Amino acid sequence: MIFIGLLVIMLGFVISVLSLALHSVGAQLAVVLFGLAVSLYGIMGVLNRAYLKNAIWKKG
Amino acid sequence: MRMKTTRKFLFLILLAAASLAPRSFAQAPPAAAAAPPPAAAPAPKPVPITDADLAGAPVPSADARAKGDPDGSLTGTASDITVSDAKKGVTIGDLANQVGQNKIAINFVWTLVTGFLVMFMQAGFAIVETGLCRAKNANHTMMMNFAVYGVGMLAYWLIGFAIQMGGVGATANLGGTPPLSAEFAITLFGKPFGLFGQNGLFLMHKGTYDVSVMVLFLFQMVFMDTALTIVTGSAAERWKYAAFVVSSFLMGAFTYPIFANWAWGGGWLANLGANFNLGKGYCDFAGSGVVHAVGGITALAVSMIIGPRIGKYDRTGKPNAILGHDIVLVLLGCFILAFGWFGFNPGSTLGASGNGALRIGSVAVNTMLAGMAGGFGAMLYMWTRYGKPDASMSGNGLLAGLVAITAPSGFVNPVGSVIIGLIAGVLVCLSVEFVDRVLKVDDPVGAISVHGTNGLWGVISIGLFADGKSNYGGSWNGVTGSVTGIFYGDNGGQLVAQLIGVVTLVGFVFTLSFIFNLLVDWFVGQRVSAKAELEGLDLPEMGALGYPEFELKS
C-alpha cells in the first residue's frame, strides 16, 4: 500500500505538469487543481491509511 | 505687592509672545502660500565632469586630519577614493568604479547582516521546540536543533549549494555571480526544463571561490538550515538521534536544493512565465514554499513514518494532549523568530541599493503586519472556541502569519498582508486540529501546520493578492512587468503558476522526502525503543539530562 500511495502522490504531480500542454488558463487551473486533489488523496487517503492500520496505539 | 508685580511681568511676557507669534509663523509660510515659482525655468544643461574637475576637489590637508575629526566632516572625502594611478590622481574612471563598488558593498553588507539575523532564528526554533516538549527530552530536542546547523551546512557546502544555485546565472545586486552558470536542463513541451545546477561544489569548483558567490552561499545556507530545523520539531520526543543526522544530511544535500533550484536557481518553475506565459512564473519572494513548505512537508513524511508518541492516542484513536514544559521558552522563541524574520524577508532583495531594492521598507512592514495579524487571529480563534486565549497557539499563529507572508512579502500591500496573516492565524488552528484528530499524525510543536499548511497558503496568496506595484528592475523571473494576482487584474496565469508550485511540493517533494526517510528507517531505524521513549531521550540518546538537578515526572 505504501508503494501504491507514493505512485498516486506522484501521479498528481505529473497531472499538474501535463497541464502545461494546454493553452487555456481556465483548463490549466482545473487540471492543476485535479492533480493537487490526487496528490492529497495519495497522502491522506492511501499512504496515511496504510500507516494507521498498524498504528502504535492499536498494538498495546 | 510683590505678587502683583510678578503677575504683571508675566502678563507682559505673554503679551509680547502672542504679538510675536504670528510674525514668526509668517516668516515660514506654507508652501502653497509662497510666491509661485518662475514658470518652466529652463533646466540647466548638464556639464560634463572632467578629470581636471576631480583633481581640484577639496580634500583635507594632512595637518588638519592629524588633529582628529570629532564631527566627522573631514572623513570620507575625495581623498578616500581609490585611484588607479597616483600620478593622475582621481579620474572619472576611478569615480565610476568607486560608485559601483559602493553599491555592491551596501548590498554585501545588507545580505550578510540579514543572513546573520536568519542564522539567529536557529536559537528561536531551538527554544520554541524545547519548550513545547517535555522536560525529560530537553537535551535531545536542543541538541537536534544545535546539530542540524552543522549537519545541514556541511551537506549544503559539499553539494547542496551547487545543485541549488550552480546555474542561477547573474545575481545583479551582488555583482553578477558569473561562475554560477551551468544549469542541467531537459526539453519538455518544446521548452527547456532546468532541473539542477552544476557549478559550486565545495565552493571551489569552476571559479566559485568568488566574493559574490560567498555572500550568496551564506544567505542561502541559513535559509536551508531553517527548513531542516522544522522537521526536528514534528519528530521530537521519539526520533533516534543517528536517524536524525542522516535524514537531515540528505535533506540539506538533495531534497531542499532540488526544489530551491526549480524556484530560485533558474529551474523550470521559475521559468513558467517565460516559457508558458503563466504570469511571472512561480514566485516565492523569501521562501514560504522553498523553505517552509519543504520543511513542513518533510516533517509530515517523517512523522508518518515514525508514528505518534506513546500515550498520544488512546486505544480508540482519540488524541490526548501532551503539554510542553515551558511556555516562557516558547513565547520567547517566537519573539526571536519574529526578529529574525526581518532578515528573512527584507534580506531576500539581496541588496539595499539597486533595482527595486528600496522595497525593503515595504517588505519589512508587510512582515511585521502579517505576523502580528496571525498571532491575533489565532488568539481570537482559540478564545472564541475554547474560552481561553491559548498561549502556545497564539505563538504558532504569529509564526503562521510570518510563514504565510514570506512568499508574498515583496509583492503585496499592507492590506493584503494583514488579510494573509489573519487567514494564516485561523488556518494554523484548524490545521493543527485536522492533523491531530483526522490524520492522527503526532506533531508535538505544530510544525506541519505552521510551516507546511501556511507555507502552501503563502505561495497561493501571491496569485490572489499581488498588487502589481512591485518593480524589481522592470521584470521578475525574466518576464517584463510586476507580479500581479487575480484580485488586481491578472487573468489567472499567476495563480496557475503558484498552484503548480504547490502540487510540486505536495507531490514531488513529499515523495522524495518520504523515500529518503523510508531508506533511513530501513538502514538506521527512525524510532527509539519504547523503554527509551518512556524514560525520556536525554539519558538513552544523549547521555545527560537537560535538567539534572530537577526531579522529573515521566
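Residues numbered from 1 in each chain as written. Chains lettered and ligands numbered in written order. Predicted model: local features only at pLDDT ≥ 70, side-chain atom pairs only at ≥ 80, totals over all residues. Heavy atoms only, no water.

K.L.:
Please provide a residue-by-residue account of the interface of chain A and chain B, values included.
P.N.:
Each partner contributes to the interface: chain A provides 30 residues, whereas chain B provides 40 residues. The junction of chain A with chain B conceals about 2,900 Å² of combined surface from both sides, 83% of it contributed by carbon and sulfur atoms. The tally of links from chain A across to chain B stands at zero salt bridges. Seen at the junction of chain A and chain B, the total is one residue pair in polar contact (both at pLDDT 80 or more). Where the side of chain A that touches chain B is concerned, the elements lending two or more residues are α1 (2-18), α2 (25-53) and α3 (56-59) of chain A. (Contact = heavy atoms within 4.5 Å. Buried area = accessible area lost by both parts, 1.4 Å probe. Salt bridge = Lys/Arg side-chain N within 4 Å of Asp/Glu carboxyl O. Polar contact = N/O pair within 3.5 Å; in protein donor to acceptor, adjacent residues only side chain to side chain. Helix = DSSP H or I, 4+ residues; strand = E, 2+ residues; numbered from the N terminus.)

K.L.:
If you had to explain empty space enclosed by the protein to someone new, which residues and values would you point to?
P.N.:
All names here are of chain B. Taken as a whole and assessed by the stated rule, the structure comprises three cavities of 30 Å³ or more. Computed from the structure, the largest cavity encloses a volume of approximately 80 Å³. Taken together, 13 residues line the largest cavity, and the ones lying closest to its centre are Phe125, Val128, Leu399, Val445 and His451. Every element with two or more residues in the lining of the largest cavity is listed here: α4 (92-132), α12 (391-406) and α14 (447-465). (1 Å grid on protein atoms, 1.4 Å probe; cavity = no way out; pocket = protein on both sides within 12 Å on 5 of 7 lines; lining within 4 Å. Points joined across faces, edges and corners; volume = space filled by probe spheres on them.)

K.L.:
Outline the layout of surface pockets, listing residues and values.
P.N.:
All names here are of chain B. By volume, the largest pocket is sized at about 940 Å³. What lines the largest pocket is a set of 30 residues, and nearest its centre among them are Ala170, Thr171, Leu350, Trp476 and Asn477. Every element with two or more residues in the lining of the largest pocket is listed here: α6 (211-234), α7 (241-264) and β3 (475-476). At four residues, α6 tops the list of elements feeding residues into the lining of the largest pocket. Taken together, the residues of the lining of the largest pocket break down into 17 nonpolar, 11 polar and two charged. In this structure, the second largest pocket encloses a volume near 800 Å³. (Nonpolar A, V, L, I, M, F, W, Y, C, P; charged D, E, K, R; others polar.)

By themselves these figures say nothing about function.
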